[in-house]
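Here is what each chain is made of, one letter per residue.
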Amino acid sequence: MASSACTKPIFPSSFSLSSSSSSESKSKLSHVSFVNTIPIYRKLSHASSSKRSLAVNSVLKTVDPTATSVGSSKSEDVGFLGEKPTILVSEKLGEAGLKVLRSVGHVECAYELSQEELCTKISCCDALIVRSGTKVTREVFEAGKGRLKVVGRAGVGIDNVDLQAATEFGCLVVNAPTANTIAAAEHGIALLAAMARNIAQADASTKAGKWQRSKYVGVSMVGKTLAVMGFGKVGSEVARRAKGLGMHVIAHDPYAPADRARAIGVELVSFDQAIATADFISLHMPLTATTNKIFNDDTFAKMKKGVRIVNVARGGVIDEDALVRALDNGIVAQAALDVFTEEPPSKDSKLVQHENVTVTPHLGASTKEAQEGVAIEIAEAVLGALKGELSATAVNAPMVAPEVLSELAPYVVLAEKLGRLAVQLVSGGSGIKSVKVVYRSARGPDDLDTRLLRAMVTKGIIEPISNTIVNLVNADFIAKQKGLRISEERVVVDSSPELPVDSIQVQISSVNSKFASAISEGGHISIDGKVKFGEPHLTCVGSFDVDVSLQGNLILCRQVDQPGMIGRVGNILGEQNVNVSFMSVGRTSRRKQAIMAIGVDEEPNKQALDNIGAVPAIEEFVFLKL
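None of the values given here were measured: they were computed from a predicted structure.

Helices and strands together make up the secondary structure of the chain, namely 19 helices and 25 strands. A total of 626 residues make up the chain; the buried ones form 55% of that total.

Assignment of secondary structure puts P286 in the loop between β10 (280-283) and α11 (297-301). Remark: the alpha-carbon pair of P286 and V317, spanning 31 residues in sequence, is separated by 7.8 Å. In this structure P286 touches T291, V317, I465, S466 and N467, once residues within four positions along its chain are discounted.

So, about helix α12 (residues 320-328). Listing the buried residues of α12 in full gives A322, L323, V324, A326 and L327. Buried residues along α12 sit in contact with α11, β12 (332-337), α13 (350-353) and β13 (357-359). Trailing α12 by a residue or two, G330 shows a phi angle of about 85°, which is positive.

Turning our eyes to something else, we now look at the side chain of T181. Mapped onto the elements of the fold, T181 is located in helix α6 (residues 181-196). By relative accessible area, T181 is classed as buried at 9%. In terms of polar contacts, T181 uses its side chain to reach the backbone carbonyl oxygen of T178, at 2.9 Å. Not counting residues up to four positions away in its chain, the partners in contact with T181 are K233, V234 and E237.

A word on the sheet that holds strand β9 (residues 267-268). The strand order across the open sheet built from seven strands is β9-β8-β7-β10-β11-β12-β13, with neighbouring strands paired in parallel fashion. Taken across any chain shown, the strands that pair with only one partner, and hence form the sheet edges, are β9 and β13. One ladder, built from three bridges, connects β12 with β13; its direction is parallel. Within the sheet, the bridge partner assigned to A336 lies in β13 and is T358. Sitting on the sheet, α12 is in contact with β12 and β13, with an inclination near 140° to β12.

Once that is clear, we can look at the state of the cysteines. In protein chemistry, a disulfide is the covalent bond that joins the sulfur atoms of two cysteines. According to the stated counting rule, one finds zero disulfides in the structure shown. Left without a disulfide partner, C125 is nearest to the cysteine sulfur of C124, which lies 6.4 Å away. Residue classification places C125 among the buried residues on the basis of a relative accessible area of 2%.

A few words now on the pattern of salt bridges. Overall, the coordinates contain 22 salt bridges when judged by the stated rule. A salt bridge links K304 to D279; its shortest N-O distance comes to 3.0 Å. Of this pair, K304 sits in the loop between α11 and β11 (307-311) while D279 is found in the loop between α10 (271-277) and β10, placing the two residues 25 residues apart along the sequence. For K304, a relative accessible area of 35% corresponds to the partly exposed category. A residue is classified by how much of its surface remains accessible, and D279, at 19% relative accessible area, is buried. Between E488 and R454 there is a salt bridge, and its shortest N-O distance comes to 2.8 Å.

Within the open sheet, the five strands sit side by side as β3-β2-β4-β5-β6. Their pairing is parallel. Only two strands of the sheet have a single partner each, and these edge strands are β3 (106-109) and β6 (172-175). Averaged over all neighbouring strand pairs, the angle between strand axes comes to 20°, with direction disregarded. With four bridges connecting them, strand β5 (residues 150-153) and β6 associate as parallel partners. Bridge assignment links V151 to a residue of β6, and that residue is V173. Set on the sheet, helix α14 (residues 368-386) makes contact with β2 (86-89), β4 (127-130), β5 and β6; between it and β5 the angle comes to about 170°.

Let's shift gears to α6. The end-to-end C-alpha separation of α6 is 23 Å, in line with the 22 Å expected for 16 residues at 1.5 Å each. Every buried residue belonging to α6 is among T181, A183, A184, A185, H187, G188, I189, L191, L192, A194, M195 and A196, and all of these are buried. Downstream of α6 by a residue or two, N198 has a phi angle that is positive, lying close to 55°.

Attention now goes to the side chain of T291. Checked against the element boundaries, T291 lands in the loop between β10 and α11. Ignoring sequence-local partners within four residues, the contact set of T291 consists of M285, P286, G316 and V317.

Bringing the nonpolar core into the picture now. Core analysis: the biggest nonpolar cluster contains 54 residues, and I432, V435, I461, I527, L538, V541 and L554 have the highest contact counts within it. By residue number, the principal contributor to this core is helix α15 (residues 402-424), which donates nine residues. Setting aside residues no more than four positions away along its own chain, V435 makes contact with I461, L484, R485, I486, S487, V506, Q507 and I508. Among the nonpolar cores identified, the runner-up in size contains 30 residues, and I250, F271, I275 and L327 belong to it.

The residue after E343, namely P344, is reached through a cis peptide bond having omega -5°. With respect to the helices and strands, the residue P344 is situated in the loop between β12 and α13. Positive phi is not limited to glycine here, since K145 has a value of about 55°. Looking at K145, the relative accessible area reads 53%, which means it is exposed. Although it is not a glycine, N577 adopts a positive phi angle of roughly 60°. Exposure remark for N577: the relative accessible area of 66% places this residue in the exposed category.

In terms of burial, strand β24 (residues 593-600) is a largely internal element, seven of the eight residues being buried. As defined by bridge partners, strand β22 (residues 553-560) adjoins β24 across eight bridges and the pair is classed as antiparallel. Note on β24: the bridge partner recorded for N553 is V600. Pairing between strand β23 (residues 580-587) and β24: seven bridges, direction antiparallel. Opposite M583, over in β24, you have I598 as the bridge partner.

With that settled, consider the packing of helix α18 (residues 565-575) against helix α19 (residues 606-613). Put simply, α18 and α19 touch, their axes get as near as 9 Å, and they point 165° apart. The angle between α18 and α19 falls in the class roughly antiparallel. Of the two possible hands of crossing, α18 and α19 adopt the one that is right-handed. The segment α18 lies against α19, with V569, I572 and L573 engaging A608, N611 and I612. Here the residues of the contact of α18 with α19 are counted per class, giving five nonpolar, one polar and no charged.

Reading guide: rules and limits
- Residues numbered from 1 in each chain as written.
- Predicted model: local features only at pLDDT ≥ 70, side-chain atom pairs only at ≥ 80, totals over all residues.
- Heavy atoms only, no water.
- Helix = DSSP H or I, 4+ residues; strand = E, 2+ residues; numbered from the N terminus.
- Buried < 20%, exposed > 50% of the residue type's maximum accessible area, 1.4 Å probe, protein only.
- Contact = heavy atoms within 4.5 Å.
- Polar contact = N/O pair within 3.5 Å; in protein donor to acceptor, adjacent residues only side chain to side chain.
- Pairing = 2+ DSSP bridges.
- Axes fitted to C-alpha atoms, helices over the stretch in contact; angles between N-to-C directions.
- Disulfide = S-S within 2.5 Å.
- Salt bridge = Lys/Arg side-chain N within 4 Å of Asp/Glu carboxyl O.
- Expected span 1.5 Å × (residues − 1).
- Core = buried A, V, L, I, M, F, W, Y, C linked by side-chain atoms within 4.5 Å.
- Parallel < 35°, antiparallel > 145°, perpendicular 65-115°, else oblique.
- Left-handed = near helix turned anticlockwise from the far one by under 90°.
- Nonpolar A, V, L, I, M, F, W, Y, C, P; charged D, E, K, R; others polar.

Now the structure itself:
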């Protein structure tokens with residue numbers, strides 16, 4: 001297959017892109033060595049790259065029809081040479097979805113397959129549709145022998161699908177994220193009302209022959225403050241319904257546009273303000289590294305005594321042991337839970353058995369209408385992929401030309417880390433609306449394809465607090481969906497044209513920063529980075545020059561420029577057994593202000609961070625996860 005087939009545009013850029021002809025000083029970038037791997041594309045050598053590219057490009061319709069892949073057989077191309085594709089459905093799917101699938105393909109429904117049985121069947125299939133029970137492992141993709149073109153997950157979560165293996169084997173993965181929105185919102189409201197009026201407990205008591213009217217006196221919802229934590233599709237629908245019940249609704253979501261919230265009558269606030277003022281808290285945030293156990297002893301301690309909590313999102317966002325303690329000491333009066341860290345939870349779970357907890361077995365999407373909607377949505381996404389259309393619900397990335405990937409690999413890592421850093425510097429509840437990415441390069445616009453770099457900046461900004469997986473396929477769509485406008489600018493510099501990029505700058509406009517020094521003279525959060533010796537480096541924060549490798553975690557401190565500061569902060573970290581990997585100081589002028597950037601291998605505990613903040617010469621600091 002001709003390698004040029006891999007480099008055709010996958011989708012047209014619809015974002016604002018301006019080129020600048022201004023010149024800058026000669027680049028300081030030198031001795032760049034390109035790394036071999038990046039997270040979403042690694043281990044490409046495990047199988048024939050030409051065969052992987054054929055599989056992906058068959059879906060994308062970018063394959064030269066006259067080209068063939070070494071080792072491919074006629075059976076591997078069934079469904080793409082005029083024959084109907086074979087679609088395996090391994091878990092129950094609504095009849096409406098099956099009808100859509102049968103209209104264009106051969107559909108086999110085989111439920112409760114063992115892993116061995118699934119691997120045996122998959123070699124004869126072009127598509128696989130699963131729910132949450134089927135584990136689509138690397139072994140399944142290997143057994144597909146290149147014929148499996150798409151895996152459809154009938155639902156939102158894709159934890160049961162090995163996305164890395166799917167990408168390596170050229171298999172597109174799609175999900176159905178929208179059809180169960182209303183069902184989940186309705187279930188959240190149902191739990192809210194049931195909890196407030198002790199419905200479940202009173203029902204069990206009455207059926208046991210008791211009549212305990214005085215024991216099950218509830219609380220009214222009208223006039224009470226509900227904090228919606230996560231103002232996406234489900235969260236906003238919960239807010240609409242809660243407003244109809246006469247509740248005052250506030251919300252926390254760093255990506256929610258303030259104008260959309262105002263249109264519903266909802267005030268966007270900070271995380272701490274939301275949990276401190278709410279009478280009821282409804283959770284609708286994804287489970288990510290950032291949100292894992294975000295509701296813990298510390299956050300419960302900040303809540304109003306007697307708060308009531310509903311969770312129809314992901315069980316892992318709550319530290320369940322901490323919630324039991326909060327229930328026992330009265331900080332949390334009641335909880336209503338549809339999801340748990342481990343599902344099903346153990347029969348002797350203290351949380352499940354707690355008298356002030358109402359539980360349901362993950363019923364958020366369990367309505368007849370939602371199940372039919374999910375079935376149709378995933379069926380249409382799978383068939384679209386089989387026809388070569390790129391689905392907006394794709395959750396993994398197609399292959400790119402190896403030569404392009406190897407050249408951009410270190411810059412891809414840099415772009416994602418700059419996005420990840422920038423979003424952590426944002427504070428307040430106004431939401432991120434505008435991001436600008438500035439590339440400094442000696443190359444002209446036609447010689448530098450920035451789609452992958454833009455996608456990775458978007459990935460870094462969105463993924464830390466979102467369950468959305470961002471890649472080259474869906475980056476622009478996801479950004480628009482979240483109301484995030486990303487513009488790009490190219491600035492011509494006098495550097496080697498052999499290097500694709502001299503530096504990348506990420507700017508976030510119209511937001512407050514938890515680290516004021518990151519605000520540039522233009523009034524926006526601004527950070528710059530370069531690739532040095534094959535590794536990503538942070539080179540500028542706001543107006544301060546720094547030079548630190550983007551490895552591990554990072555502490556940024558603004559301080560009075562005076563002797564002994566490096567040693568003092570280093571001693572604080574050493575006393576808490578936190579290893580410092582590097583340190584850099586940038587200053588505006590001698591003995592004025594300076595920024596100290598400190599790389600640390602471990603995450604400092606609260607005591608270490610408090611001690612750093614207590615140093616008189618330190619004016620502000622922030623801890624950032626890379």
